[in-house]
2 protein chains.
Amino acid sequence: MKVKLASNYGFCFGVKRAIKIAESYENASTMGPLIHNQDEINRLKNDYNVGLYKELKDVKDNDTIIIRTHGIPKDDLKNLKAQNAKVINATCPFVTTPQQIVKKMSKEDYSILIFGDADHPEVKGVQSYGQDQEDVHIVLEPSDLEALNFKHNKIATIAQTTKKKEKYLEIVNSLILKNKEVRVFNTICDATFENQDAARELSSEVDVMVVIGGKNSSNTKQLHSICKENCIDSYLIENESELDSKWFENKTLCGITAGASTPDWIIQQVVNSVESYN
Amino acid sequence: MKVKLASNYGFCFGVKRAIKIAESYENASTMGPLIHNQDEINRLKNDYNVGLYKELKDVKDNDTIIIRTHGIPKDDLKNLKAQNAKVINATCPFVTTPQQIVKKMSKEDYSILIFGDADHPEVKGVQSYGQDQEDVHIVLEPSDLEALNFKHNKIATIAQTTKKKEKYLEIVNSLILKNKEVRVFNTICDATFENQDAARELSSEVDVMVVIGGKNSSNTKQLHSICKENCIDSYLIENESELDSKWFENKTLCGITAGASTPDWIIQQVVNSVESYN
């Protein structure tokens, strides 16, 4: 079976970087799971003895702690350092940027608006860099703006890296109409959307499509749904053990893509298996 | 005939202010016509001996020169001062603001984008405050952006005060998608749109409507067209001499509004005449 990979798939730049960092610090521990993929976490544990802490209070003196791509709140970082932990910061540079923007704009007396999910670790981290926490506001929808009271008529806005640009613009437009100055930082990362665009393109040129990723992962499910629109024979699997040779009968070209938490070695195993079918 | 005035009509804040300034400087001259209304210019000449220069080079030593609401380019102001003219600045504060924004943002290494008409005196004045003239760009349409090369990936935007917000947002949205930071200053003045909204409201509750203003004035024609949508008997006149008593036969309520260059005394004459009809 001939296989074609999507032009973009799997890990984004920030996750690849974080895993390389983890591989270069044997015996370190991550604060929270590094990615949403248990196989990859097991591999890091087995090959590099990378451990996992769920709570700050569990950290022991002189531990080496890897901060994951989402980043962590400013005070958590301070507490880690106070515990004499050696801190290795694998925060994605695309997340460090909004953290620094919030810090700087807040100092310059801008009210801060974050477009994102208040419960997401990335947003919690970014939010924590505001000097005046009462004037750091988080919204998910343009309609959420109505309830807000900004302290200044100068607003600085940033967005969670994985959010949709269209909705960010809606929110920004509403702010522009009501405020003298809106300083708009485009902090949205294209990685998620590049994987989606590539899946859309590939699925319309193959006759069978395999999507690899967690069955509970929202970005993987999204990829699967996009592929099904163009290619009715699109299958979602977590790894090569779930492949079924019947899917490839009378097919000539199989497209493969993977969710943002799927490591390359799992993808490679799937590619090898699919290629072995007649 | 009963008369009802629109809740907003005629001169905006900036023009009213400029005329008051002109009235308080007898024997001064304006650089260019203060407003697009010859009757008002004649009145200022007759009552306060306010003259009119068309060209900078005509200014004589020790003249008192009134800068009109649009403002003038920075170098023209410098030249006037070099000629020992006494300069009275009647630039509308809503125009001084974008001038100062362009000056400051340009110094802070932002590329400048102006949404407006490159030939309009206001825009020429605002543009002149950019430090690097090659990096001050003027667009009228979102599609104009394609041809531009910004020197920085930080853009500061301002709009000509009389432009439409909807189109400004379109332009700003396009910039946000392509640049890391867009600093959006909402410099649009509501006066024109407040007159239009008030005309829309009033024309739908009266049975005859009179719009006063220059027959070549685009904002007056716009008011007339809005009124006609709601009230078929809407008439455009330049002053009370053009009123026709037939218009008011069998009518009970006459609405009156006026373009942005129509002085109150002309409006009052029309109101008096219409009220005198049975």
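What counts, and where the lines are drawn
Residues numbered from 1 in each chain as written. Chains lettered and ligands numbered in written order. Predicted model: local features only at pLDDT ≥ 70, side-chain atom pairs only at ≥ 80, totals over all residues. Heavy atoms only, no water. Domains from an automatic or database assignment. Contact = heavy atoms within 4.5 Å. Buried area = accessible area lost by both parts, 1.4 Å probe. Salt bridge = Lys/Arg side-chain N within 4 Å of Asp/Glu carboxyl O. Polar contact = N/O pair within 3.5 Å; in protein donor to acceptor, adjacent residues only side chain to side chain. Helix = DSSP H or I, 4+ residues; strand = E, 2+ residues; numbered from the N terminus. Buried < 20%, exposed > 50% of the residue type's maximum accessible area, 1.4 Å probe, protein only. Pairing = 2+ DSSP bridges.

1. Structural notes on the domain arrangement of chain A
All names here are of chain A. By domain assignment, chain A separates into domain 1 (2–8 + 191–276), domain 2 (13–91) and domain 3 (94–184). Computed over C-alpha atoms only, the centres of domain 1 and domain 2 are separated by 30 Å. Facing the six residues of domain 1 at the interface are six residues of domain 2. Both sides of the domain 1 and domain 2 interface together cover about 510 Å² of buried area, and 54% of this is carbon and sulfur. On the domain 1 side of the contact with domain 2, Ser-261, Pro-263 and Trp-265 bury the most area, a combined 69% of that side's loss. For the interface between domain 1 and domain 2, the tally reads zero salt bridges.

2. Digging into the interface of chain B and chain A
At the junction of the two partners, chain B supplies 15 residues and chain A supplies 15 residues. The junction of chain B with chain A conceals about 1,500 Å² of combined surface from both sides, 54% of it contributed by carbon and sulfur atoms. Our count for the chain B to chain A interface comes out at two salt bridges. In this structure, the salt-bridge partner of Arg-183 of chain B is Glu-181 of chain A, at a minimum N-O distance of 2.6 Å. At the boundary of chain B with chain A, the tally comes to ten residue pairs in polar contact (both at pLDDT 80 or more). Of all the secondary-structure elements, those providing two or more residues to the side of chain B that touches chain A are α6 (165–178) and β9 (181–185) of chain B. In terms of residue count, the dominant contributor to the side of chain B that touches chain A is α6 of chain B (six residues).

3. Digging into the pairing of strand β8 (residues 154–159) of chain A
Walk down a regular strand and you will see the side chains alternate between the two sheet faces. All names here are of chain A. The buried fraction of β8 amounts to five of the six residues, a majority that puts the element mostly inside the structure. Pairing geometry for strand β6 (residues 111–115) and β8, over five bridges, is parallel. Looking across to β8, one finds that Ile-112 is bridged to Ala-156. Bridging between β8 and strand β9 (residues 181–185) involves four bridges; their strand directions are parallel. Looking across to β9, one finds that Thr-157 is bridged to Val-184.

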